[in-house]
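# Residue-level structural notes
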Amino acid sequence: MNGIGIINYLYANQWLIAAIVVWSLIWKGIALWKAARNQSIVWYLALLVINTLGILEIIYIFIFSKDKLYSDQEIKSEGSVEKKVI
């Protein structure tokens, strides 16, 4: 398919472009929120600048993003379990 054929295909199927934009924005929003919450400046900037149709965002969310607001250690006091905030 040459360049003109691709343009004609996308013009005829504008719903495909809209679906790709929505898909990408959802994943980018979640990943940027997690990166900001974890104070990962490098990841935040990379996710903001690099557009990979959600692939980099999904990798960050499921592999590299760890909730840093709570440590893995739990403090037990008087029979109740509380998470230690760092």
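An account of the accompanying structure is given in this report.

### Quick look at the pattern of salt bridges
Tallied over the full model, the rule gives one salt bridge. In this structure, E57 engages K28 in a salt bridge whose closest nitrogen and oxygen atoms are separated by 2.8 Å. Of the two residues, E57 is situated in helix α4 (residues 55-64) and K28 in helix α2 (residues 14-37); the sequence distance between them amounts to 29 residues. For the residue pair E57 and K28, the accessibility class agrees, reading buried in each case.

### Some words on α4
Among all positions of α4, only L56, E57, Y60 and I61 are buried. One side of α4 carries all its buried residues, which in axial view fall inside an arc of 135°. Opposite the packed face of α4, turned more than 90 degrees from it, sit the exposed residues I55, F62 and I63. If you follow the buried residues of α4, they end up packed against α2 and α3 (41-49).

### Concerning α2
The end-to-end C-alpha distance of α2, which contains 24 residues, comes to 35 Å, matching closely the 34 Å that a straight helix rising 1.5 Å per residue would cover. Those residues of α2 not exposed but buried are S24, W27, K28, A31, L32 and A35. Where α2 is buried, its residues contact α3 and α4. Two residues or fewer after α2 comes Q39, characterised by a positive phi angle close to 55°.

### Focus on the nonpolar core
Within soluble globular proteins, side chains that are nonpolar generally end up buried alongside one another. In terms of nonpolar packing, the biggest core is built from eight residues, these being W27, A31, L32, A35, L47, L56, Y60 and I61. Of all the elements, α2 adds the most residues to this core, at four residues. With residues near it in sequence (within four places) discarded, A35 still touches S40, W43, Y44, L47 and Y60.

The rules behind each value
- Residues numbered from 1 in each chain as written.
- Predicted model: local features only at pLDDT ≥ 70, side-chain atom pairs only at ≥ 80, totals over all residues.
- Heavy atoms only, no water.
- Salt bridge = Lys/Arg side-chain N within 4 Å of Asp/Glu carboxyl O.
- Helix = DSSP H or I, 4+ residues; strand = E, 2+ residues; numbered from the N terminus.
- Buried < 20%, exposed > 50% of the residue type's maximum accessible area, 1.4 Å probe, protein only.
- Arc of directions from axis to C-beta.
- Contact = heavy atoms within 4.5 Å.
- Expected span 1.5 Å × (residues − 1).
- Core = buried A, V, L, I, M, F, W, Y, C linked by side-chain atoms within 4.5 Å.

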